[in-house]
Amino acid sequence: MPSKQPEGLARLPSGRRNGEELKATPRRYGNERCSRNRRWASALFCYLRAGGQTPLFTSRFFLLMAVSPSFLHPEVPERFAKLVNITVLDGHDLKGVKGDGPVTFVRTEYNGIVLGDSAKVESSAEGSAKYNFTTTFDCQPEGPHSLDDIAHKPLLFTVTEVLPKEKKQKEEKTMTLGQAVMDLLPLLEGLCEFSATLPLYPVLGSPLETLRPDAKCVINVTVSVQESLLSAWQLSEGNLLRVTVEGVYSVPETFLPTGPPQNYMIGLQVPAVGEKECPFLFKNGVLKFGGEKEPLPRPKKWPVTNILAPGGQNIPDSFIVGGAYEEEDGELNTLEDRDLRIQAETIKKRIMWDLERRCYLDPLAVICFRKRIADCRYWPVEMTRVPVVTSTKTKGGKGDKGGGGGGEEEQISFHGVAYINAVPLLYPGVKRIRGAFRVYPYLDNEVFEKTKCLFSLFRDIGHQTALNKLGLLTPHTKGILGKTTKEDRPAKEVVMRKASNIVRRDTSDTTIEAAISICQNIEGQQYIESGTYIVIEFALDKPLVPKRLPEELANRVKEMIPPRPQLPRRTAGAKKAVEDYHTQVTSIAEAILDEYHELFGRQLVEGYAIDSHTLENQKCQLNYELNSSGKYFAFKEQIKHAVVKIVREKYLKTTAFDNLDQLQAFLSELYVYLVDQMHVALNQVLSQQTPSPPPPSFTTSEQLRLFAREAQNNGDYNLAATYYQERLSRDRQDIQSWLDYGTFCLLTENNLKAQECFREAVSLDPNHLPSILLCGIMAVMLENYEDAEVFFEDATCLEPSSILAWTILGLFYDIQENDIRVEMAFQKAFKLQKASLQKERPPPEVGDAAVRKVSMSPSAVEVLSVSAEEELPSVEVSDIPEPPTTIHRVEEEKPKIARKMSLAPSRLRLAPPKASDDESFHRLQEEEGVPKLSRRMSMAPSRMKLPSLKEPKVVFETEPPPPPQPTTTIFMETINFLMDVNAFQFVHRALAHELLCPQGGPSCDYYLVLAQTYMLKKEYSKTEECLEMAVQIDYLNPEVWAQKGHLCYLTGDFGEAKACYERTISFVTDAKDMHFVYLRLGSIYLERKEYDKAKDIYLLASKKSPSCLTWLGVGIACYRLKEMVEAEDALSEANALNNNNAEVWAYLALVCMQGGRQLEAEQSYKYAVKLELANEELLQEIHEVQLEVGFGNPSF
């Protein structure tokens, strides 16, 4: 049986409904339907308002459900009005025209509507007045006061004084004292009642301007609602958007304060209720000339015009703080744009607003806002200039379609648009973007291509009625923004963007239309010529994409990799002191027993019984030997520290004794205790056979790592694994040992074993960054992407300043094809790299070098205005290799020079001094720190004369030099780490980004890494191609020749390999792994019987990083040179480092046979055979020597 259709949907027809019919529908359902029907009807209402059709409702509805789980929340915004109560309680420190105690009343105003006046109250002598005045207004979505008004429009309280009537005066005279401004934003934060003490800002000419310093003129106000304006669903899923327009800089020169007054406006639209557009209009921009920079911080202003008090125009606790250009999110934030920004914001024209517009976004609008940013990426912000007053009045009749004395193209002037890259708002945890964005001429096809926007806020007819409805269009500007509409034409309240209406145009038509548009918007082209840009900020209360907290990520990592339990704590105190005493007694007893064996022999003691007389004699002799040799004293010093610990820890004796009796009593007690504990220790030694301690190790952990890398480089992976495992067996708490073994397992493609090693390292230290990153890399290789994201995000939280962590996170998102987060991660890494370079830059010198002064006469100043057309043999200031300078004039020269300096500092031209002034000019340069001009400048004929040093006119304040450019990109830094850990899957992806990076490209390092990856795959032809490209780029790079030598060595071209290795070691700087260069070059020398060179190169390798192979090479070379003593010493060193090398035993056998030592020769030969000597030629040589000397082989 089919399910019953919801009651609310049965009453809706399938066709379109006009606006009025649709308005009544949600109100009726809001009172009657159950929660399930309310959800369906609300979703359908939003869709029909968008102009949709009912048959398409199902797919659209479920698409929205998929976008946000909160879409079907049972609560729907109520459509009926909610009453907002405002109560003015009292005022303090009021002052009238005639002094204290004025008669005043308060007028409450909101959204341009007067809500009411309080009663006239006489103030006390102290200036206090009790008003107790309450007024209300309705807040409803479709009414005059909506949630959007609550967000950005303040509540105004105007305090007016009633002046006493004079004789023959019919009406009372009043005077406005001041205004108080109240922000209603707490109502959108879920508060039902809040109070505030508001400062009363004086209007111009008010007596409040002359208050005493300690007086604070304020009024107390309370605002309340019966229930919250927003439901719990709206509070949790909605958001508050703040858009701050600071200013537009470097505006066209045609913008002049003279002539007809102009209104400079900025406009954009955002979805506020579902997909319904909410226009943001910033009017009345102030045109300013250059000369000084805007102060920071400076307050933000309300976007309303009915505030009379100048002090009330600023939003409380809201400031523009600025910041470094490199930290911005806009377009002009690179080092190359720094000079342009400084000039534009200091000496060029600008238009300033400093307005903040706020808007509440309901949950559906948040979804729409997020989706549009993801789809379009850019958000259009329009700019235009319109006259304040028109020449003729406009009428809405049929005959008048011109819009008030001028057509649309004549009235909308300088129509531009800035494309705001809003994608950073989709980065996890990002709530604010601020930056400078270039202004371009408004061209329909370009705007549509970048933003998918089909309309213009300032030009299209369909939006003027909406602006008029919201009170944003004044009678003066209605006819300016476009053609007037007919009165009988219904208002189009909802503006939608529909993807189905987008029609692809032919390319030729688009080109023609683009050319026509450019011709039609010639004024807008001046924005490009002037380099105009806008500084704007978008801020949200909550991020559009939440970011996981560091605590959550750390807990997830602990769930996946439980931390290892802490090692057992070492015993301390009395117990530890006694144990140490037992240990020392045992050690001394063993040493005495060894001394006894040396004196009387072990066989005599074990084989025969000894009488008491003989034993007493031996005891006396042993005591004599111990005392005469000093060993007795050494034993006493050895046990002394253990006895001191017992005294301090067990008997708690740390101070001197009062008398000798106490000392003797304590010593007697201590002696008895020590003797008893000595017997305990000796009985433990004699009662059980303790295991002998392990022999001391002759190799360190770093040497074992070197041996493992040698075996790995020679292709002996079994031996390499043995060395790595030996390191772990020595110290299983060493994180680096686990990482090295894991990277070796990655090389051998044993991914599960590698993952186990990396997780073991994380369990030892959950905050170890390389271990966390390697766990994430292994999760990607095993296709466990959810765990990988947790690991990578946890790495960025552990070290937020790690370039490596952010770059690898970006590579992971690139694998996931998440372009927005890829951009986020890489941008963060680039910023961190710039910041690190900034820190590495040496600090600037402090002193006279900070301010450089140049003396110029007025005639010299005239040179600053020389035009570019004059053929003067001068030098541009931009050619001087010094940091950029900002010019400040002295006060008496400001008006004159301001007219002269129409060019930017980078375009100014200075003529050089005369030849007669060269000496004084250069002396002035050296004394005052002025940068010396080029040689070409000093040789040019002079057109200005430098005055004496007594007339300083121009001061150059040196800007800090730009930070150095990075030598490597973030991708190359990451590649170096990935190559070290053998994560080749990420290496290839990082190489692709390095190739596309503007700072990267096909560099020498790029081809080197690519060659190494091919070499590991044994694709030697591709390796050779990459190395040839690297040689062409950087012929003097030792790493290139080292890798080329390795390639020739692996392919059997030992002659070319020898030449490459010799070139490598001839450079001043070493290659990355010189150890393997020495080993392979030495083996080539041995193969070619150049034993002297082989000996030298192996000795060099043994000096820098000794290993079994390096000393073996020295031993072989010395043996071939008949230097048997040196050969034996070198082979002994090799055998001490690795006694399992068959070739070392073989050469030891040869050396012993040449020296006539039969027993050692036979033992060495036995071990060489036992260890399976693989060198047949060497084995044959041993046999020949054995036959020659007649011994060495015990088998015959």
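In this report, we go over the structure that sits alongside the text. (Residues numbered from 1 in each chain as written. Predicted model: local features only at pLDDT ≥ 70, side-chain atom pairs only at ≥ 80, totals over all residues. Heavy atoms only, no water.)

Looking now at the overall build of the protein. Check the secondary structure of the protein and you find 44 helices and 26 strands. A buried classification covers 46% of the 1196 residues belonging to the protein. Residue pairs at least 24 apart in sequence account for 71% of intrachain contacts in the protein once pairs closer than 6 positions are excluded. (Helix = DSSP H or I, 4+ residues; strand = E, 2+ residues; numbered from the N terminus. Buried < 20%, exposed > 50% of the residue type's maximum accessible area, 1.4 Å probe, protein only. Contact = heavy atoms within 4.5 Å.)

On to the pairing of strand 18 (residues 378-387), then. Among the ten residues of strand 18, eight are classified as buried, and the element is accordingly described as predominantly covered. Pairing geometry for strand 18 and strand 19 (residues 413-421), over seven bridges, is antiparallel. Residue pairing across strands places Y378 opposite N421, the latter belonging to strand 19. (Pairing = 2+ DSSP bridges.)

This paragraph deals with the sheet that holds strand 10 (residues 218-225). Strand order in this open sheet of four strands is 5-1-10-8, and the pairing throughout is antiparallel. Two strands lie at the open edges of the sheet, namely strand 5 (129-139) and strand 8 (193-199), each paired on one side alone. Strand-to-strand twist of the sheet, defined as the mean angle between neighbouring strand axes without regard to direction, takes the value 20 degrees. Summarising the sheet, strand 1 (residues 82-92) and strand 5 pair through nine bridges and their orientation is antiparallel. (Axes fitted to C-alpha atoms, helices over the stretch in contact; angles between N-to-C directions.)

Glancing now at the packing of helix 22 (residues 735-747) against helix 24 (residues 769-781). The geometry of helix 22 relative to helix 24 is characterised by a closest axis approach of 11 Å and an angle of 25 degrees between their N-to-C directions. In this view, helix 22 runs roughly parallel relative to helix 24, as classed from their interaxial angle. Between helix 22 and helix 24 lies a crossing of left-handed hand. Here helix 22 contributes I735, L739 and L746 to the contact with helix 24, which in turn contributes P770, S771, L774, M778 and M781. (Parallel < 35°, antiparallel > 145°, perpendicular 65-115°, else oblique. Left-handed = near helix turned anticlockwise from the far one by under 90°.)

Helix length check: helix 15 (residues 574-600) (27 residues) gives 39 Å between terminal C-alpha atoms against 39 Å at 1.5 Å per residue, within 8%. Residues A577, V578, D580, Y581, H582, V585, I588, E595, Y596, H597 and F600 constitute the buried set of helix 15. (Expected span 1.5 Å × (residues − 1).)

Going from L296 to P297, the amide bond is cis rather than trans, its omega being -5 degrees. Here P297 shows up in the loop between strand 14 (286-288) and strand 15 (298-301). Phi is positive for N111, close to 55 degrees, though the residue is something other than glycine. Locating N111 in the fold gives a position in the loop between strand 2 (103-110) and strand 3 (113-117).

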